[in-house]
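Structure assessment
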Amino acid sequence: AQKVTQAQTEISVVEKEDVTLDCVYETRDTTYYLFWYKQPPSGELVFLIRRNSFDEQNEISGRYSWNFQKSTSSFNFTITASQVVDSAVYFCALSDQKSNYGGSQGNLIFGKGTKLSVKP
Amino acid sequence: SAVISQKPSRDICQRGTSLTIQCQVDSQVTMMFWYRQQPGQSLTLIATANQGSEATYESGFVIDKFPISRPNLTFSTLTVSNMSPEDSSIYLCSVVGLYGYTFGSGTRLTVV
């Protein structure tokens with residue numbers, strides 16, 4: 001069965017610190033997709049990144065970077081030089097076995113989320 | 001990616017009443033998903049709605065409590081029936097397109 005584990009429930013850092021949010025997943029599929037979403041206090045889900053199972057290259061987008069390692073089934077997210085506006089709940093998610101979303105119909109399986117608080 | 005308009009954004013309801021949440025998508029999509037997010041929790045899939053057929057419910061969710069309509073390829077509604085305080089949650093709809101998943105802005109429901 002598919003499963004996403006975010007072991008860190010809450011993290012608190014001081015502004016400008018770097019922070020890494022961990023995500024470990026379980027799946028029997030050979031083709032799957034991984035996602036990160038940000039949920040600020042307002043409640044909407046903000047898409048950050050998607051990664052397919054065949055692309056293990058790390059990705060950097062501004063202060064955000066992602067480290068995908070299939071050998072350890074991990075997809076960790078690092079924020080460099082954190083800012084107060086980064087305070088939110090961050091969810092890691094996995095497309096389930098019915099989906100390869102590049103045309104298919106499955107839903108997402110979410111981790112429990114990590115609440116990040118960045119203090120000034 | 002698709003744009004979803006979800007209404008209402010929030011509501012406070014009396015126990016025993018029902019609330020219907022609407023999601024309008026700016027493009028045609030085959031599947032729409034409804035999620036519940038209880039306070040401080042992750043998102044849990046309620047059901048998958050396919051146009052022209054009955055929704056498929058996940059374990060723990062039943063049609064009598066969460067009836068779903070999907071009259072066309074751009075619109076769906078979720079009704080939370082006979083509400084109790086335990087139904088206080090954020091409800092979100094979602095669609096999957098060629099480039100990924102899009103979520104509505106959510107409906108924050110408080111049952112008193």
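Scroll up for the structure.
Along every chain, residues carry numbers that run from 1 in the direction the sequence is written. Numbering of ligands from 1 and lettering of chains from A proceed in the order in which they are written. The model is predicted, so local features are restricted to residues of pLDDT at least 70 and side-chain atom pairs to those at 80 or more, both for listing and for counting; the totals for chains, interfaces and linings are taken over all residues. Heavy atoms throughout the structure, all of them, feed into the side-chain values; hydrogens and water do not.

Here a helix means four or more residues in a row that DSSP labels H or I, a strand means two or more in a row labelled E, and each is numbered from the N terminus. Looking only at helices and strands, chain B has 0 helices and 11 strands in total. Overall, chain B shows an N-to-C arrangement of helices and strands of β-β-β-β-β-β-β-β-β-β-β. In terms of C-alpha radius of gyration, chain B reaches 13 Å, essentially the compact-globule figure of 13 Å for 112 residues. Burial status follows relative accessibility: with a 1.4 Å probe on protein chains alone, a residue under 20% of its type maximum counts as buried, one over 50% as exposed, and anything between as partly exposed. Here chain B, with 112 residues, has 52% of them falling under the buried criterion. Taking the contacts inside chain B whose residues are at least 6 apart along the sequence as the reference set, 51% of them involve residues at least 24 apart. For chain B, the exposed surface amounts to about 5,300 Å²; the carbon and sulfur share of it is 48%. Distance from the positive charge centre (7 side chains) to the negative charge centre (7 side chains) of chain B: 8 Å. Here the globule rule reads 2.2 Å times residues to the power 0.38, and the radius of gyration is calculated from C-alpha atoms. Should any heavy atoms of two residues lie within 4.5 Å, those residues are considered in contact. Working definition of accessibility: Shrake-Rupley area with a 1.4 Å probe, residue cover restricted to the visible protein chains. Residues scored as charged are limited to Lys and Arg (positive) and Asp and Glu (negative), so that His and the chain ends carry no count. All charge positions are set by atom: Lys at NZ, Arg at CZ, Asp at CG, Glu at CD.

It is worth spelling out the state of the cysteines at this point. Cysteine sulfur atoms that come within 2.5 Å of each other are treated as a disulfide pair. For the coordinates displayed, the defined rule picks out 2 disulfides over all chains. Between the sulfur of A:Cys23 and that of A:Cys92 lies a disulfide, 2.0 Å long from S to S. Between A:Cys23 and A:Cys92, the S-S torsion sits near -65°, and that sign places the bridge as left-handed. With A:Cys23 in the loop between strand S3 (19–21) and strand S4 (24–26) and A:Cys92 in strand S10 (residues 88–95), the pair connects residues that are 69 residues apart, well separated along the chain. Its relative accessible area of 0% is what places A:Cys92 among the buried residues. Across the disulfide from B:Cys23 sits B:Cys93; the S-S distance is 1.8 Å. Handedness here is read from the sign of the S-S torsion; for B:Cys23 and B:Cys93, about -90°, the answer is left-handed. Placement of the pair is B:Cys23 in strand S3 (residues 19–25) and B:Cys93 in strand S9 (residues 89–97), with a sequence separation of 70 residues. We classify B:Cys23 as buried; its relative accessible area is 0%. A residue is classified by how much of its surface remains accessible, and B:Cys93, at 0% relative accessible area, is buried. Unpaired in terms of disulfides, B:Cys13 finds its nearest cysteine sulfur in B:Cys23, a separation of 16 Å.

On to the pairing of strand S8 (residues 75–80) of chain B, then. Residues and elements named next belong to chain B. Judged by how many residues are buried, S8 sits mostly within the fold: 6 of 6 residues are covered. Neither face of S8 is left uncovered, since the one carrying Phe75, Thr77 and Thr79 and the one carrying Ser76, Leu78 and Val80 both have all their residues buried. Criterion used throughout: strands pair if DSSP finds at least two bridges between them. Of the strand pairs in this sheet, S3 and S8 are connected by 6 bridges, and their pairing is antiparallel. Residue pairing across strands places Thr20 opposite Thr79, the latter belonging to S8. Pairing of strand S7 (residues 68–72) with S8 involves 3 bridges; the strand directions are antiparallel. In the strand pairing of S8, Ser69 is matched with Thr77. A loop of 2 residues connects S7 with S8, the two strands running antiparallel in sequence.

Next up on the list: the environment of B:Thr77. Residues and elements named next belong to chain B. Assignment of secondary structure puts Thr77 in strand S8. Overall, Thr77 belongs to the buried group, its relative accessible area being 12%. Remark: the alpha-carbon pair of Thr77 and Leu19, spanning 58 residues in sequence, is separated by 10 Å. When sequence neighbours within four positions are dropped, the list of residues in contact with Thr77 reads Thr20, Ile21, Gln22, Trp34, Pro67, Ile68 and Ser69.

The geometry of two aromatic rings is summed up by the distance between their centres and the angle between their planes. Here a Phe, Tyr or Trp ring, Trp counted by its six-membered ring, pairs with any other such ring whose centre lies within 6.5 Å, and the pair is stacked when the planes are under 30 degrees apart, edge-to-face when over 60, and tilted otherwise. Counted according to the given criterion, the structure contains 19 aromatic pairs over all chains. When the ring of A:Trp36 is compared with that of A:Phe77, the centres are 5.3 Å apart and the planes differ by 50°; the resulting orientation is tilted. With A:Trp36 in strand S5 (residues 33–39) and A:Phe77 in strand S9 (residues 74–79), the pair connects residues that are 41 residues apart, well separated along the chain. Taken together, the aromatic side chains of A:Phe35, A:Tyr37, A:Phe47, A:Phe91, A:Phe110, B:Tyr35, B:Tyr101 and B:Phe103 make up a single cluster linked through ring pairs.

Glancing now at the sheet that holds S3(B). Residue and element names in this part refer to chain B. As summarised here, the arrangement of the 4 strands in space is S1-S3-S8-S7, forming an open sheet in which the pairing is antiparallel. Only two strands of the sheet have a single neighbouring strand rather than two, namely strand S1 (4–7) and S7. Adjacent strand axes in the sheet meet at a mean angle of 15°, parallel and antiparallel pairs treated alike. Between the N-to-C directions of two axes lies an angle of 0 to 180 degrees, each axis being a line fitted to C-alpha atoms and, for a helix, fitted only over the stretch in contact.

So yeah, pure geometry; function would need other evidence.
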